[in-house]
Amino acid sequence: MSTHAPAPTRREQILKEAARLFAERGFHGVGVDEIGAAVGISGPGLYRHFPGKEAMLAELLVGISGRLLTGGKQRAAGEDGARRGPAEVLDSLIEGHIDFALDDRPLIILHDRELDRLRDSDRKLVRSLQRQYVELWVEVVRKVYPGLSEAEARASVHAVFGLLNSTPHLGRPGALPGRAATAALLHRLALGAFDAAQGPDGAGQPR
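Attention here is on the structure that accompanies the text. (Residues numbered from 1 in each chain as written. Predicted model: local features only at pLDDT ≥ 70, side-chain atom pairs only at ≥ 80, totals over all residues. Heavy atoms only, no water.)

### What to know about the packing of aromatic side chains
Next up, step 1: Scanning the entire structure with this criterion turns up six aromatic pairs.
Next up, step 2: Between Tyr 133 and Trp 137, the ring centres sit 6.0 Å apart and the planes meet at 70 degrees, which makes this aromatic pair edge-to-face. Here the residue Tyr 133 and the residue Trp 137 both occupy positions in helix H6 (residues 120-144), the gap between them amounting to four residues, near one helical turn. Side by side, Tyr 133 and Trp 137 carry an identical accessibility label, which is buried. (Phe/Tyr/Trp six-rings, centres within 6.5 Å; stacked < 30°, edge-to-face > 60°. Helix = DSSP H or I, 4+ residues; strand = E, 2+ residues; numbered from the N terminus. Buried < 20%, exposed > 50% of the residue type's maximum accessible area, 1.4 Å probe, protein only.)

Below is the structure:
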């Protein structure tokens with residue numbers, strides 16, 4: 001049985017190159033023709049897939065927010081049907097977010113720079129998906145650290161997201177340790193942040 005991932009569709013290729021170019025040069029610094037050239041089709045040919053750059057940006061930002069939430073729910077539920085304790089679920093959530101932070105850096109940059117360019121309905125959808133993702137983490141964190149209040153757990157989750165989403169600022173990929181080493185470092189840092197949130201009295205000591 002083949003283990004190769006299916007080849008990306010033309011639409012997926014367009015979105016990947018659009019994300020890269022938007023992140024490198026800004027939304028207004030990239031033309032439709034340049035995105036088309038990056039995937040080997042004419043600029044006007046892109047309109048068979050997207051009505052314009054705004055639609056690409058919306059699909060990128062709404063899409064990644066939806067994928068993070070879906071992936072988080074699957075990890076929390078246990079995709080393989082195995083029963084996991086809260087600490088194992090938290091580990092799995094951290095691993096999933098690290099995969100995003102390492103593999104989709106352009107989308108982190110786009111979110112920070114270009115979210116306000118989305119039309120109101122798309123921006124509200126992104127925010128709604130993100131809130132659900134945060135609350136999924138908060139529920140798990142409070143099971144691992146029962147001494148944390150809801151507000152403390154939520155603040156800790158946002159802080160860990162900030163830490164993990166700092167990957168675009170860590171230097172060029174070649175300047176970092178290997179992917180596995182970087183992922184392991186980020187995982188330790190994330191767990192360290194949650195451990196620190198419990199305070200010196202150990203109020204949120206993991207179960």
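### What about the packing of helix H4 (residues 86-103) against H6?
Two measures define how a pair of helices packs: the angle their axes make with one another and the distance between the axes.
Next up, step 1: Between H4 and H6, the shortest axis-to-axis distance is 8 Å and the interhelical angle comes to 145 degrees. Two packed elements cross with a definite hand, and for H4 against H6 that hand is left-handed. Residues Pro 86, Ala 87, Val 89, Leu 90, Leu 93, Ile 94 and His 97 of H4 pack against Tyr 133, Leu 136, Trp 137, Val 140, Val 141, Lys 143 and Val 144 of H6.
Next up, step 2: Of the residues in the contact of H4 with H6, the class split is twelve nonpolar, one polar and one charged. (Axes fitted to C-alpha atoms, helices over the stretch in contact; angles between N-to-C directions. Left-handed = near helix turned anticlockwise from the far one by under 90°. Contact = heavy atoms within 4.5 Å. Nonpolar A, V, L, I, M, F, W, Y, C, P; charged D, E, K, R; others polar.)

### Remarks on the nonpolar core
Next up, step 1: Core analysis: the biggest nonpolar cluster contains 57 residues, and Phe 22, Ile 35, Met 56, Leu 90, Trp 137 and Phe 194 have the highest contact counts within it.
Next up, step 2: Taken together, the elements giving at least two residues each to this core come down to helix H1 (10-25), helix H2 (32-39), helix H3 (53-77), H4, helix H5 (105-114), H6, helix H7 (150-164) and helix H8 (179-197).
Next up, step 3: Contact partners of Leu 90, with chain neighbours within four places excluded, come to Trp 137, Val 140, Val 141, Val 144, Tyr 145, Leu 191 and Phe 194. (Core = buried A, V, L, I, M, F, W, Y, C linked by side-chain atoms within 4.5 Å.)

### Structural notes on the packing of H6 against H7
Next up, step 1: Packing of H6 against H7 leaves a shortest axis separation of 9 Å and a crossing angle of 120 degrees. As the angle between them shows, H6 and H7 are arranged oblique. Classified by chirality, the crossing of H7 by H6 is right-handed. Facing Tyr 133, Val 134, Glu 135, Trp 137, Val 138, Val 141 and Arg 142 of H6, the residues of H7 in contact are Glu 150, Ala 153, Arg 154, Val 157, His 158, Val 160 and Phe 161.
Next up, step 2: Class assignment of the residues belonging to the contact of H6 with H7 gives a composition of nine nonpolar, one polar and four charged. (Parallel < 35°, antiparallel > 145°, perpendicular 65-115°, else oblique.)

### Points about the pattern of salt bridges
Where charged atoms from two side chains of opposite charge approach closely, those side chains can pair.
Next up, step 1: This structure, assessed with the given rule, holds twelve salt bridges.
Next up, step 2: Two residues, Asp 99 and Arg 179, come together in a salt bridge whose shortest N-O distance is 3.2 Å. Here Asp 99, found in helix H4, pairs with Arg 179, found in helix H8; they are 80 residues apart in sequence, far enough to count as distant.
Next up, step 3: Asp 99 gets classed as partly exposed once you look at its relative accessible area, which sits at 33%.
Next up, step 4: Arg 179 gets classed as partly exposed once you look at its relative accessible area, which sits at 40%.
Next up, step 5: Here the salt bridges do not stand alone but share partners, grouping Glu 17, Arg 20 and Glu 24 into one network. (Salt bridge = Lys/Arg side-chain N within 4 Å of Asp/Glu carboxyl O.)

### A short note on H1
One turn of the α-helix equals 3.6 residues, which is why residues spaced by three or four share an orientation.
Next up, step 1: In this model H1 runs 22 Å from its N-terminal to its C-terminal C-alpha over 16 residues, within 8% of the 22 Å that 1.5 Å per residue would give.
Next up, step 2: When we look at burial in H1, the residues that qualify are Ile 14, Leu 15, Glu 17, Ala 18, Ala 19, Leu 21, Phe 22 and Ala 23.
Next up, step 3: Check the buried side of H1 and you find it contacts H2, H3 and H5.
Next up, step 4: Gly 26 sits one or two residues past H1 and shows a positive phi near 85 degrees. (Expected span 1.5 Å × (residues − 1).)

### Digging into the side chain of Asp 122
Next up, step 1: In this structure, Asp 122 sits in helix H6.
Next up, step 2: With residues near it in sequence (within four places) discarded, Asp 122 still touches Ala 58 and Val 62.

### Re H5
Next up, step 1: Looking at H5, one finds that the buried residues are Arg 105, Leu 107, Ile 108, Ile 109, Leu 110 and Glu 114.
Next up, step 2: Looking at the buried residues of H5, the elements they touch are H1, H3 and H4.

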